[in-house]
Amino acid sequence: MSNIDADAPIETMWEGRFITAKRQGRWEYVSRSRGIRAAVILAIENDHVLLVEQYRVPLAKNCIELPAGLVGDGDDNSDEDASIAAIRELEEETGYRAETMEDCGEFYSSPGMVSESFSLFKASDLTKTGEGGGVDGENITVHRVALHDLGNFIERKREEGAAIDVRLLLLLQPR
């Protein structure tokens, strides 16, 4: 299969601290700056899943998501291991610490527009260590939702005007 855009030069149209807008051939897309990656955490224990809710500026509304965070986003930790970032982010956002983080692989959420990938981790052996809520004014609300009630929870949140992250489809498959 041939693609006329594959060999076109990449032009940086704009670059900020966290994202870069690029053009290659006929395509315009966004990538993470400085090689920053993301870790997403699926934390299920005792038939409950940990979800977070936070305001997302691009959507202009709250969004229900799996806990997640950037890997190596600081100047002092650019070589951070993704599993370490996942453990840190889960505890910061939800107040739960995982003894085990299983790497489930690399995934792409919107490959027609964003080159960003994320590593998905499955957290287990959870211990509650605090309230969560994030850092630096993230104002994250933690939800511990019974898997059997997840569909109803999502519908209630939609009725309240919240957006729903596509990754929650992982949990909505028939059991």
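Residues numbered from 1 in each chain as written. Predicted model: local features only at pLDDT ≥ 70, side-chain atom pairs only at ≥ 80, totals over all residues. Heavy atoms only, no water.

1. Looking at helix H1 (residues 82-94)
The line we're drawing: By definition, any uninterrupted DSSP run of H or I lasting at least four residues is a helix, any uninterrupted run of E lasting at least two residues is a strand, and each is numbered from the N terminus. Here the expected length of a helix is defined as 1.5 Å per residue gap, with one fewer gap than residues. In this analysis, two residues are considered to be in contact whenever any of their non-hydrogen atoms come within 4.5 Å of each other.
Taking 1.5 Å of rise per residue, 13 residues should cover 18 Å, and H1 covers 18 Å from first to last C-alpha, within 8% of that figure. As for H1, its buried residues are in contact with strand E4 (37-45), strand E5 (48-56), strand E7 (68-71), strand E8 (96-108), strand E9 (117-128) and strand E10 (141-146). Among the residues trailing H1, Gly95 stands out with phi positive, at a value near 80°.

2. A short note on the pairing of E9
Rules: In this analysis, strands are considered paired if DSSP registers two or more bridges between them.
When E4 meets E9, the two strands line up parallel, connected through six bridges. Bridge pairing in E9 links Val40 to Leu120.

3. Remarks on the packing of aromatic side chains
The condition is simple: In summary, the pairing rule links any two rings of Phe, Tyr or Trp, Trp by its six-membered ring, whose centres are within 6.5 Å, and it sorts them by plane angle into stacked for under 30 degrees, edge-to-face for over 60 and tilted for everything else. For each residue, the accessible area found with a 1.4 Å probe, counting protein chains only, is set against the maximum for its type, and the residue is called buried under 20%, exposed over 50%, and partly exposed in between. When the NZ atom of lysine or the CZ atom of arginine is within 6 Å of a ring's centre and also within 35 degrees of its normal, the charge is said to sit over that ring.
With the rule as written, the count across this model stands at one aromatic pair. Measuring from ring centre to ring centre gives 5.9 Å for Phe107 and Phe118, while their planes differ by 25°; the resulting arrangement is stacked. In this pair, Phe107 sits in strand E8 while Phe118 sits in strand E9, placing the two residues 11 residues apart along the sequence. Take Phe107: its relative accessible area is 35%, and that puts it in the partly exposed class. One cation-aromatic arrangement involves Arg34 over Phe18; the distance from NZ or CZ to the ring centre is 5.8 Å.

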